[in-house]
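Below are the chains, spelled out letter by letter.
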Amino acid sequence: MKHLLKMLDLSKEEITDILNLADQLKYELKHGIPHPHLRGKTLGMIFQKASTRTRVSFEVGMYQLGGYPLFLSANDLQIGRGEPVQDTARVLSRYIDGIMIRTYDQAEVEALAEYGNIPVINGLTDFSHPCQVLADLMTIREYKNRLDGLKLCYIGDGNNMANSLIVGGLKVGMSVSAACPKGYEPHKTVLDFAKDFKCFELTDKPLEAAKDADVVITDVWASMGHEAEREKRIIAFKGYQVNDEVMAAAKPDAMVMHCLPAHREEEITTKVFEEHATEIFDEAENRLHAQKAVMVKLMG
Ligand code: CP
Ligand code: NVA
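Okay, so let's go over this structure. (Residues numbered from 1 in each chain as written. Chains lettered and ligands numbered in written order. Predicted model: local features only at pLDDT ≥ 70, side-chain atom pairs only at ≥ 80, totals over all residues. Heavy atoms only, no water.)

**Some words on the site of ligand 1**
Within the structure, ligand 1 sits among Ser51, Thr52, Arg53, Thr54, Arg102, His129, Gln132, Cys259, Leu260 and Arg287. Arg102 has a polar side-chain atom sitting 2.8 Å from an oxygen atom of ligand 1. A distance of 2.9 Å is found between an oxygen atom of ligand 1 and a side-chain nitrogen or oxygen belonging to His129. Burial of ligand 1 by the surrounding chains reaches 95%, relative to a free accessible area of 260 Å². (Near = heavy atom within 4 Å. Polar contact = N/O pair within 3.5 Å; in protein donor to acceptor, adjacent residues only side chain to side chain. Areas by Shrake-Rupley, 256 points an atom, 1.4 Å probe, with all protein chains shown as cover.)

Take a look at the structure:
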């Protein structure tokens, strides 16, 4: 594993290795055991979009590993004025030891990895959010003690989260169902990958997708970059809300997860959100541990 660009690139063994190391680093942190695996190393963090969790968890995680996190707003970099990503990649490779990038186009992240010679970590693109899904899988495993054979249900927009959850879930042996409105299905590459799995279901009926689910996951209806479509999407996604009715279709002990930020009373009711707040904020915390594991694997 040289980079973390998308879930499609990871094997089941690589995912399991990351989750095991994440569990270990979490244990060490909670017990005050130092783990300076990246002493003297620098991570550059390029942000073309807003972030709370990704920025803070990478920054703090790098610090806890003994390294130095360097926040690089795209507005201040020459990349924001059109310097090609190919050149940025080759320049940054001369100074730092790894790059985390949050941007729009997946191709930009792939180009950084191709032209640079340091590890690149995808901190979210329109296509994929692998760091979040590693933290999600870590959280599910913490609560359920396994992943294999569980049913993961995703309800909502066929966005970066849907794409990454479908691939990640199927790779680790989960059944995956996704309920998306017509016209808002997951990416074709993901559906091509999923079509060979008997345990994958794509539907436009949320209650069907949620039936007997062990985990119900949702995300915003209008992702970053789609803000202008918000009103149109509120209409299109009516009926794709995680609420009591959906939860009644899932298993009685089903977990609920949300990558955050959440829009209460849109994709999830306040009631369901608050009933599952412990899981949701454990999920947010696990971003830190999962990403530290990724950085140690790639940069250690
Ligand atoms: N879930 C997530 O990636 O959050 P941020 O946008 O705050 O980084
Ligand atoms: N799908 C959301 C996830 C935010 C963490 C977005 O891309 O805005």
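**Focus on the site of ligand 2**
Close contacts around ligand 2 come from Leu124, Asn159, Asn160, Asp219, Val220, Ser223, Met224, Cys259 and Leu260, and that covers them all. Between ligand 2 and Asn160 there is a distance of 2.8 Å, counted from a nitrogen atom to a side-chain nitrogen or oxygen. Isolated, ligand 2 exposes 270 Å² of accessible area, and the fraction of that covered by the protein chains is 95%. Here the residues of the shell around ligand 2 are counted per class, giving five nonpolar, three polar and one charged. (Nonpolar A, V, L, I, M, F, W, Y, C, P; charged D, E, K, R; others polar.)

**With respect to the side chain of Thr139**
For Thr139, the position within the fold is in helix H5 (residues 130–144). On the accessibility criterion, Thr139 (0% relative accessible area) is buried. In this structure, Thr139 is in contact with Met255, Met257, Glu279, Asp282, Glu283 and Asn286, ignoring residues within four places of it in sequence. (Helix = DSSP H or I, 4+ residues; strand = E, 2+ residues; numbered from the N terminus. Buried < 20%, exposed > 50% of the residue type's maximum accessible area, 1.4 Å probe, protein only. Contact = heavy atoms within 4.5 Å.)

**Some remarks on the pattern of salt bridges**
All told, the structure shown has 21 salt bridges when counted by the stated rule. Across the pair Arg141 and Asp23 runs a salt bridge whose closest N-O atoms are separated by 2.7 Å. Of this pair, Arg141 sits in helix H5 while Asp23 sits in helix H1 (residues 12–30), placing them 118 residues apart in sequence. Linking Arg264 and Glu274 is a salt bridge whose minimum nitrogen-to-oxygen distance equals 3.3 Å. Of this pair, Arg264 sits in the loop between strand S9 (255–258) and helix H11 (270–275) while Glu274 sits in helix H11, and the two are ten residues apart along the sequence. Taking the relative accessible area as the measure of exposure, Arg264 reaches 39% and is therefore partly exposed. Glu274 gets classed as partly exposed once you look at its relative accessible area, which sits at 47%. Look at the salt bridges and you will find they share partners, linking Lys26, Lys30, Glu142 and Glu285 into a network. (Salt bridge = Lys/Arg side-chain N within 4 Å of Asp/Glu carboxyl O.)

**Observations concerning the nonpolar core**
By size, the foremost hydrophobic cluster in this structure holds 56 residues, and its most contacted members are Ile121, Leu134, Ile140 and Met295. With sequence-adjacent residues up to four places away left out, Ile140 is seen in contact with Asn145, Arg146, Leu147, Leu150, Leu152, Met174, Val215, Met255 and Met257. Membership of the second largest hydrophobic core comes to 24 residues, among which are Cys153, Ala210, Val216 and Phe273. (Core = buried A, V, L, I, M, F, W, Y, C linked by side-chain atoms within 4.5 Å.)

**As for the packing of H1 against helix H12 (residues 277–299)**
One can describe the packing of H1 onto H12 by two numbers: an axis separation of 8 Å at closest approach and a directional angle of 115°. Helix-helix and strand crossings are classified by hand; for H1 and H12 the assignment is right-handed. Of H12, the residues touching H1 (which contributes Asp17, Ile18, Leu21, Ala22, Leu25, Lys26, Leu29 and Lys30) are Glu285, Asn286, Leu288, His289, Ala290, Lys292, Ala293, Val294, Val296 and Lys297. Classifying every residue of the contact of H1 with H12 gives ten nonpolar, two polar and six charged. (Axes fitted to C-alpha atoms, helices over the stretch in contact; angles between N-to-C directions. Left-handed = near helix turned anticlockwise from the far one by under 90°.)

**Brief notes about the sheet that holds strand S6 (residues 175–179)**
Here five strands make up an open sheet; going across it, the order is S7-S6-S5-S8-S9 and the pairing parallel. Two strands lie at the open edges of the sheet, namely strand S7 (200–203) and S9, each paired on one side alone. Looking at each pair of strands side by side, their axes are set apart by 15° on average, direction ignored. For strand S5 (residues 151–155) and strand S8 (residues 215–218), the ladder comprises four bridges, and the chain directions are parallel. Its bridge partner being in S8, Ile155 is matched across the sheet by Thr218. Sheet strands in contact with H5 are S5, S8 and S9, and its direction is about 160° off that of S9. (Pairing = 2+ DSSP bridges.)

**What to know about unusual backbone geometry**
Omega for the bond connecting Leu260 with Pro261 falls within 30 degrees of zero, at 5°, which places this linkage in the cis form. In this structure, Pro261 sits in the loop between S9 and H11. Positive phi values are uncommon outside glycine, yet Leu124 reaches one of about 120°. With respect to the helices, strands and loops of the structure, Leu124 is situated in the loop between strand S4 (120–122) and H5. Look at Glu265: it is not a glycine, yet its phi comes out positive at around 70°.

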